[in-house]
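In case you want the letters, here they are:
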Amino acid sequence: MNFALWLGLSLLGLLSAGCAWRRFRQAGIAALSLLTCLALAAALAPPKAAWGGRMLRVYGEGAPAEIDSGLVVRLPEAGAGEGLAVPDLAAALRLFPEAGRLEVHGWGLNGRDRLAATGMPLVLKPGELPVGLRELDYPARAQAGQALRVAGRVAGVAGAQLELRDPAGALAATVSPDGDGRFSLEAALKAAGRIAFELRVLDGQGVLVEKASLPVAVESGRALRLRLEAGGPDPEQKPLRRWAEDADLSLESRLGLSAGLVQGDADWQASAQELAALDLLIVDERSWQALDAGARRRIETAVGEGLGLLWRLRGTPTAELLTLWTGWGMAIAPGAAEAGFRKAWGLDLPLRVWGQAEGGQALLRDDGGARRLAFWPRGRGRVGISLVSGTQRLAAGETPAAFGRFWSGIVEALARPAPAASLSGPALWRAGQGGRLCGLAPGARWQARDGVSRTLDVREGCALLWPEIAGWHRLVDGERSSDWPILPAAALPGVRAQADRLATEAMTGAARLPGSRSLPGWPFLLLSLACLGGSWWLERRALQAQAPVDVVHQGRQEQAQD
């Protein structure tokens, strides 16, 4: 219901009250009563009216120095310049209540100002975005032993090259983006603690275009238990044990040296209890052949209950093994060859392969796109096949972190799934940006970097928080505590600019419809009080007019009785 209709009802009520002065008093009282109810309802839930008013030009981050005429304000992100400086858009709207439309110059409105602009017609005059990173996705909190995956998109950099360096400054991974500028990098996370990787964007000449610090809170999490069953020693086992130790993983092993002679745990029988205690079982074709039929059935049952199983091929698979894989829904095309993996590890290092997977979910592809490591879901667990050998050359190469990335990806994909994390928060959390933490218990406390501690207002397991200081903060929730990295407000300017532009453009799409806003409720409250007063006055006049008639009638009755 628009304002014109409410005005019409008000005039109708006043007209009814005027007509009821003498002849239509009762009808006027009824009309005023109805109008009182309508006005009171409008005061409690004010109707909406179309936006009007003047255009307010808002200059934000990335806006040009020159300004247009009219109502012009500059947000703090725009810096010094012409126009009225305001702390935020909400303050500007309070200063200029006649403003009914917005024209935003620059990269767009941030989350703080988008809330103030909700429902207003809006036009975006986009500014030029900075070159370099435009999108970025990486986990700010992870567990030791997992692989840190950094993905995103770059723009405006010819011949771009991405480098990911570990906390010591060593090169952990490098990659060239695809035609759309998208990239993906991985690095192994070893010990728990507060660490920071560095992502670098280089142009085709090797000149640094942008670098970004990626803080990660690495938690110890649950200690995964791995077991290696090998038919004989091979050069990959030693770097695998070293990597598992660095990643805080428990790795048990048994190696067959000759007939009846083994190194390691000779008493392991693959019982149901032993398999239930494992997260990932690693076998090769010879160790699998040495298992009896009962052990194989128990392993298959354990996989259906969540155990991860990986076959490491050391040679061409036998017909019996191929038949088994086919029965489990896994297809392998055998064939010994060499393949390059520069796209995966950035190294010109051909490795021996024993075929390619046909189907399944690929964990590793060679430069030709063939699947050399894949896995298949089976029940609640997963079964993988590695057709690559000689990976110890990765550990001894120029980038030893490639070996860790190889095995981190395997463990993360195949190991028994861990319970879902109950604690969640925003990604790329910046200082001055609001965030929502969920999975909290009442009484959770937030310890800021400056030492200030505050109790969070937890409602239905979640709390809103607005950290103002960048750096490492800490959340204490009962006996559980976790670190949270807060990025500086100016970090990743291209990523921030792209996100603000997309969010503001979405608001412009909605603003093509006729805008509206709620009218103030106080005029309707005054109208309801006026109508209530008028109704009371008419009721009183009616009683006063009726009183003499009643007196005369009573006197006549008394005379008749006399």
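Residues numbered from 1 in each chain as written. Predicted model: local features only at pLDDT ≥ 70, side-chain atom pairs only at ≥ 80, totals over all residues. Heavy atoms only, no water.

## Some thoughts on the overall build of the chain
Check the secondary structure of the chain and you find 14 helices and 32 strands. When contacts within the chain are restricted to residue pairs at least 6 apart in sequence, long-range pairs at least 24 apart make up 62% of them. (Helix = DSSP H or I, 4+ residues; strand = E, 2+ residues; numbered from the N terminus. Contact = heavy atoms within 4.5 Å.)

## Comments concerning the nonpolar core
Looking at soluble globular proteins, one finds that nonpolar side chains tend to be buried together. Counting 33 residues, the largest nonpolar core has Trp 243, Leu 280, Leu 310, Phe 341, Trp 345, Trp 407 and Ile 410 as the members making the most contacts within it. Within the residue set of this core, elements represented by two or more residues are β15 (225-230), α5 (237-246), β18 (280-284), β21 (351-358), β23 (371-378) and α12 (401-414). In contact with Trp 407, other than residues within four places in its own chain, are Leu 240, Trp 243, Ile 282, Leu 310, Arg 312 and Thr 391. Membership of the second largest hydrophobic core comes to 31 residues, among which are Ala 160, Leu 164, Ala 187 and Val 495. (Core = buried A, V, L, I, M, F, W, Y, C linked by side-chain atoms within 4.5 Å. Buried < 20%, exposed > 50% of the residue type's maximum accessible area, 1.4 Å probe, protein only.)

## What about the state of the cysteines?
Applying the stated rule across the entire model yields one disulfide. Covalently, Cys 438 is tied to Cys 462 through a disulfide, its sulfur atoms 2.1 Å apart. Residues Cys 438 and Cys 462 share a disulfide whose torsion about the S-S bond is about 110°; that sign makes it right-handed. Taken together, the residues Cys 438 in strand β26 (residues 435-438) and Cys 462 in strand β29 (residues 462-465) connect sequence positions 24 residues apart. (Disulfide = S-S within 2.5 Å.)

## Re unusual backbone geometry
Phi is positive for Ala 270, which is not a glycine, with a value near 60°. Here Ala 270 shows up in the loop between β17 (261-264) and α6 (272-276). The backbone of Glu 460 shows a phi angle near 55°, a positive value even though the residue is not glycine. Here Glu 460 is to be found in the loop between β28 (453-455) and β29.

## Regarding helix α8 (residues 293-304)
The terminal C-alpha atoms of α8, which comprises 12 residues, lie 17 Å apart, in line with the 16 Å expected from a rise of 1.5 Å per residue. Considered for burial, the residues of α8 that qualify are Gly 294, Ala 295, Arg 296, Ile 299, Ala 302 and Val 303. Here α8 starts with a cap whose side-chain oxygen sits 3.2 Å from the backbone nitrogen of Gly 294, and that cap is Asp 292. Positive backbone phi, approximately 125°, marks Gly 306, located one or two places after α8. (Expected span 1.5 Å × (residues − 1). Polar contact = N/O pair within 3.5 Å; in protein donor to acceptor, adjacent residues only side chain to side chain.)

## A look at the packing of aromatic side chains
Inspection of every chain in the model, using the stated rule, returns eight aromatic pairs. Between Phe 341 and Trp 345 the ring centres are 5.3 Å apart and the planes differ by 40°, which places this aromatic pair in the tilted class. As far as burial versus exposure is concerned, Phe 341 and Trp 345 are alike and both buried. Site record: aromatic cluster; members linked through ring pairs are Trp 288, Trp 311, Trp 325 and Trp 328. Taking NZ or CZ as reference, Arg 141 lies 4.7 Å from the ring centre of Trp 484, over its face. Across the ring face of Trp 354, the terminal group of Arg 352 is positioned such that the distance to the ring centre comes to 5.1 Å. (Phe/Tyr/Trp six-rings, centres within 6.5 Å; stacked < 30°, edge-to-face > 60°. Lys NZ or Arg CZ within 6 Å of the ring centre and 35° of its normal.)

## Things to note about the pairing of strand β22 (residues 361-365)
Across four bridges, β22 lies against β23 in antiparallel orientation. Paired with Ala 362 across the bridge in β23 is Ala 374. Following β22, the chain reverses through five residues before pairing antiparallel with β23; Gly 369 in that reversal takes a positive phi of roughly 90°. (Pairing = 2+ DSSP bridges.)

## Digging into the side chain of Arg 227
Along the chain, Arg 227 falls in strand β15. Look past the residues within four positions of Arg 227 in its chain and what remains in contact with it is Leu 251, Glu 252, Arg 254, Asp 265, Trp 268, Leu 278, Leu 280, Leu 281 and Ile 282.

## Overview of the sheet that holds strand β11 (residues 171-175)
Judged by pairing direction, the sheet is mixed, and its five strands sit side by side in the order β8-β14-β13-β10-β11 without closing on themselves. Each edge of the open sheet is held by one strand with a lone partner, namely β8 (141-143) and β11. Sheet twist, expressed as the mean angle between neighbouring strand axes with direction ignored, is 30°. Two elements, strand β13 (residues 193-202) and strand β14 (residues 208-219), share 10 bridges in a ladder whose sense is antiparallel. In the sheet register, Ala 196 faces β14, and the bridge partner there is Pro 215. (Axes fitted to C-alpha atoms, helices over the stretch in contact; angles between N-to-C directions.)

## Regarding the side chain of Ser 386
With respect to the helices and strands, the residue Ser 386 is situated in strand β24 (residues 381-386). In contact with Ser 386, other than residues within four places in its own chain, are Leu 310, Trp 311, Arg 312, Leu 313, Arg 372, Leu 373 and Phe 406.

## Overview of the sheet that holds strand β4 (residues 84-85)
As summarised here, the arrangement of the five strands in space is β4-β3-β2-β5-β6, forming an open sheet in which the pairing is parallel. If you trace the sheet from one side to the other, it starts and ends with β4 and β6 (122-126), each paired once. Direction of pairing for strand β5 (residues 99-106) relative to β6: parallel, over a ladder of five bridges. Looking at β6, one finds that Leu 102 is bridged to Leu 122.

## Thoughts on a nonpolar patch on the surface
Together, Leu 40, Leu 44, Trp 522, Leu 525, Leu 526 and Leu 529 make up an exposed nonpolar region whose accessible area comes to about 670 Å². The biggest single contributor to the nonpolar patch is helix α14 (residues 522-561), with four residues. Here Leu 525 shows up in helix α14. (Patch = residues over 30% accessible without salt bridge, like charges linked within 9 Å, V, L, I, M, F, W, Y side chains within 5 Å. Areas by Shrake-Rupley, 256 points an atom, 1.4 Å probe, with all protein chains shown as cover. Salt bridge = Lys/Arg side-chain N within 4 Å of Asp/Glu carboxyl O.)

## Examining α5
Turning to α5, its buried residues number three or more, namely Gln 237, Pro 239, Leu 240, Trp 243 and Ala 244. With its buried residues spanning 160° around the axis, α5 presents them on a single face. Away from its buried face by more than 90 degrees, α5 exposes Lys 238 and Glu 245. (Arc of directions from axis to C-beta.)

## Description of the packing of α5 against α12
At a minimum axis separation of 11 Å, α5 and α12 run at an interaxial angle of 70°. It follows from the interaxial angle that α5 and α12 lie roughly perpendicular. Between α5 and α12, the residues in contact are Pro 239, Leu 240 and Trp 243 and Phe 403, Gly 404, Trp 407, Ser 408 and Val 411, respectively. In terms of residue class, the contact of α5 with α12 is built from six nonpolar, two polar and no charged. (Parallel < 35°, antiparallel > 145°, perpendicular 65-115°, else oblique. Nonpolar A, V, L, I, M, F, W, Y, C, P; charged D, E, K, R; others polar.)

## Details of the environment of Tyr 138
Within the element layout of this structure, Tyr 138 appears in the loop between β7 (132-137) and β8. Along the sequence, Tyr 138 and Ala 151 sit 13 residues apart, while their C-alpha atoms lie 6.6 Å from each other. With residues up to four places along the chain from it excluded, the contact list for Tyr 138 reads Leu 148, Arg 149, Val 150, Leu 214, Pro 215, Val 216 and Leu 428. Side-chain polar atoms of Tyr 138 contact the backbone oxygen of Pro 215, separated by 3.0 Å.

These figures capture arrangement, not role.
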